[in-house]
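One letter stands for each residue in the lines below.
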Amino acid sequence: MAAPVPDDPLPTIDPEQLFSSLSHATGILAAVSGGPDSMAMMHLLARWGLERRIPIFVATVDHGLRPEAAEEAAFVARKAATLGLPHRTLVWTGEKPRTGLQEAAREARYRLLIQYAREVGASHVVTAHTQDDQAETILMRLAKGSGLKGLTGMRRERNREGITHARPLLGWPKAALLDLCRTSGWRFVTDPSNADERFARVRWRRLMPLLAEEGVTASRLARLAERVAQADEALEIKAREALERATPEAGEGVFSFQAACLAEEPFEIGLRILAQALGRIDLDNIRLQRLESCIERLRKAILAGESLRLTIAGALLDLDRAGLLRVRPEPPRSRGR
């Protein structure tokens, strides 16, 4: 993990260090919106790739939400061409939801990027999320009562359907990238939606200067995310070890283990054991509140020596009196009865 970036003065960005994790990529797709963060990333990536034989592609997603978006994509295409990088505009078509628009747009954006990465043979998609974006994410999740895993924030790398999504700028302040664009003469566009207070992220962004006055800076929130990630990793390892000691057995569509560990281990470890068991039948990202409610019921039944049958997020959990817990996908429900 990269060392924390100092707040002041603004650091000098070294492309060799910035993109070192991409050196083994078979192809890189850079998501570039035209804003200062992504434009800086595109220029730095082009400079880094000059002496390498890694194909670099650029894509701009037009969500179809603003009339200016098409021209912004054309602007990125022109700038990419001057750097010798091929560009494609990916358009989100179809009806747009009235609620949860930003979430839906994000899902559509990654879906389009992953599809295009596969088309061009890129192993990596890179986005220009910054330290400021990380801080806003932490605050938003904190306000929603997130657990430890949520407070790890955005990861520097994650797997998206077999494609590595990398965020090489995650340790760098937005101010450093804006300064780099201005001093280098790299033009960029300004998205008016970044000032639209209908969106929660914009409202949190407006609060950041006030929080910084009290010491809650973007860099300190980013450090918090890194430390929480270390704790989260340790707890995941302990939960995995406890699950392996519980004599797990896997059959076709079924995963079973001795459930005493759910009650014997601390609550947080038991919670993760259950989440990992559900992951064995390909059920992931279950809401924390549902997991907590489920583990509470299981712990009571285990301690009382009772059987229990319940469902959670498409899974059927069947605990017998001997303490064996079988986890399987919930069968299709009969209709019309």
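No experiment lies behind these values; they were computed from the predicted model shown.

Colleague: Looking at this model, I keep getting lost on the confidence of the model for the protein chain. Mind explaining?
Modeller: A residue-level look at the protein chain finds 95% of positions with pLDDT of 70 or above and a mean pLDDT of 91. Contacts for the low-pLDDT stretch residues 1-8, under 50 throughout, to residues beyond four places or in other chains number 16 contacts.

Colleague: Mind showing me how you'd approach helix α7 (residues 200-213) here?
Modeller: In an α-helix, one turn spans 3.6 residues, which is why side chains three or four residues apart end up on the same side. The end-to-end C-alpha distance of α7, which contains 14 residues, comes to 21 Å, matching closely the 20 Å that a straight helix rising 1.5 Å per residue would cover. Residue Leu 207 marks the point of greatest curvature in α7, where the axis turns by about 35°; the proline Pro 209 follows within four residues.

Colleague: I would appreciate a short explanation of the packing of helix α5 (residues 131-143) against helix α8 (residues 218-245) in the present structure.
Modeller: The axes of two packed helices give the description: the angle between them and the distance between them. Orientation of α5 relative to α8, taken along the N-to-C sense of each, is 65°, at an axis distance of 8 Å. Viewed along their axes, α5 and α8 adopt a mutual orientation that is roughly perpendicular. Our pair here, α5 against α8, has a crossing hand that is left-handed. Of the residues in α8, those in contact with Gln 131, Asp 132, Gln 134, Ala 135, Ile 138 and Leu 139 of α5 are Ala 218, Ser 219, Leu 221, Ala 222, Leu 224 and Ala 225.

Colleague: Where do I start with the packing of α5 against α7 in this structure?
Modeller: In the contact formed by α5 and α7, the axes pass within 10 Å of each other and the chain directions differ by 105°. Relative to α7, α5 is oriented roughly perpendicular. On α7, the residues touching Asp 133, Ala 135, Glu 136, Thr 137, Leu 139, Met 140 and Ala 143 of α5 are Ala 200, Arg 201, Trp 204, Arg 205, Met 208 and Leu 211. In terms of residue class, the contact of α5 with α7 is built from eight nonpolar, one polar and four charged.

Colleague: Hey, could you run me through the sheet that holds strand β1 (residues 28-31) in this one?
Modeller: By way of backbone hydrogen bonds, the strands of a sheet pair with one another, either parallel or antiparallel. The strand order across the open sheet built from six strands is β3-β2-β1-β4-β6-β5, with neighbouring strands paired in mixed fashion. Strand pairing shows two members of the sheet lacking a second neighbour, β3 (87-91) and β5 (157-160), which therefore form its edges. Going from strand to strand, the sheet's axes swing by 30° on average, the running direction of each strand aside. As defined by bridge partners, strand β2 (residues 56-62) adjoins β3 across five bridges and the pair is classed as parallel. When the sheet's bridge partners are listed, Val 61 is paired in β3 with Leu 90. In this fold helix α3 (residues 69-82) packs onto β2 and β3, with an angle of close to 170° to the strand it touches most, β2. Contacts from helix α4 (residues 101-120) reach β1, β2, β3, β4 (124-126), β5 and β6 (163-166) within the one sheet, and its direction differs from that of β2 by about 150°.

Colleague: Explanation requested: unusual backbone geometry in the structure shown.
Modeller: With glycine set apart, most residues show a phi of negative sign, and most peptide bonds adopt trans. Even without glycine at this site, Glu 161 takes up a positive phi of about 55°. Positionally, Glu 161 belongs in the loop between β5 and β6. The backbone of Thr 247 sits at a positive phi, close to 45°, despite the residue not being glycine. Secondary-structure assignment places Thr 247 in the loop between α8 and β7 (249-251).

Colleague: Where do I start with the nonpolar core in this structure?
Modeller: Nonpolar side chains tend to gather and get buried jointly when the protein is soluble and globular. Counting 33 residues, the largest nonpolar core has Phe 19, Leu 22, Ile 28, Met 42, Leu 45 and Val 126 as the members making the most contacts within it. Within the residue set of this core, elements represented by two or more residues are β1, α2 (36-48), β2, α3 and α6 (174-184). Considering each element in turn, this core owes the most residues, eight residues, to α2. Setting aside its immediate chain neighbours within four residues, Leu 45 contacts Phe 19, Leu 22, Ile 28, Ala 30, Ile 56 and Val 126. In terms of nonpolar packing, the next biggest core, distinct from the first, is built from 32 residues, Ala 246, Phe 257, Ala 301 and Ala 315 among them.

Colleague: Can you walk me through the sheet that holds strand β8 (residues 254-258) in this structure?
Modeller: Within the open sheet, the five strands sit side by side as β7-β8-β11-β10-β9. Their pairing is antiparallel. Of all strands in the sheet, those bounded by a partner on one side alone are β7 and β9 (308-312). Taking each pair of neighbouring strands and ignoring which way they run, the sheet shows an average axis angle of 15°. Inspection of the sheet shows β9 paired to strand β10 (residues 315-319) by five bridges, in the antiparallel sense. Its bridge partner being in β10, Arg 309 is matched across the sheet by Asp 318.

Colleague: Could you clarify how one ought to interpret the pairing of β9 in this entry?
Modeller: Side-chain positions along a regular strand alternate between the two faces of the sheet. Along β9, the buried face is formed by Leu 308, Leu 310 and Ile 312; none of Arg 309 and Thr 311, which line the opposite face, is buried. Between the antiparallel neighbours β9 and β10 lie two residues, among them Ala 313 with a positive phi of about 50°.

Colleague: Would you take a moment to explain the pattern of salt bridges for this structure?
Modeller: Side chains that carry opposite charge are capable of pairing whenever their charged atoms lie near each other. Counted by the stated rule, this structure contains 21 salt bridges. Residue Asp 37 pairs with Lys 174 through a salt bridge whose shortest N-O separation is 2.5 Å. Of this pair, Asp 37 sits in helix α2 while Lys 174 is found in helix α6, placing the two residues 137 residues apart along the sequence. Judged by relative accessible area, which is 10%, Asp 37 ranks as buried. Where Glu 265 meets Arg 245, a salt bridge forms, and the shortest distance between an N and an O atom there is 3.5 Å. Residue Glu 265 is located in the loop between α9 (260-264) and α10 (267-279), and its partner Arg 245 is located in helix α8; the two are separated by 20 residues in the primary sequence. Arg 245 sits in the exposed class, given a relative accessible area of 57%. It is possible to trace a salt-bridge network through shared partners that takes in Lys 149, Arg 155, Asp 232, Glu 236, Glu 268 and Arg 272.

Rules used in this analysis
- Residues numbered from 1 in each chain as written.
- Predicted model: local features only at pLDDT ≥ 70, side-chain atom pairs only at ≥ 80, totals over all residues.
- Heavy atoms only, no water.
- pLDDT = per-residue confidence, 0-100.
- Contact = heavy atoms within 4.5 Å.
- Helix = DSSP H or I, 4+ residues; strand = E, 2+ residues; numbered from the N terminus.
- Expected span 1.5 Å × (residues − 1).
- Bend = angle between axes of the 7 residues up to and from the residue.
- Axes fitted to C-alpha atoms, helices over the stretch in contact; angles between N-to-C directions.
- Parallel < 35°, antiparallel > 145°, perpendicular 65-115°, else oblique.
- Left-handed = near helix turned anticlockwise from the far one by under 90°.
- Nonpolar A, V, L, I, M, F, W, Y, C, P; charged D, E, K, R; others polar.
- Pairing = 2+ DSSP bridges.
- Core = buried A, V, L, I, M, F, W, Y, C linked by side-chain atoms within 4.5 Å.
- Buried < 20%, exposed > 50% of the residue type's maximum accessible area, 1.4 Å probe, protein only.
- Salt bridge = Lys/Arg side-chain N within 4 Å of Asp/Glu carboxyl O.

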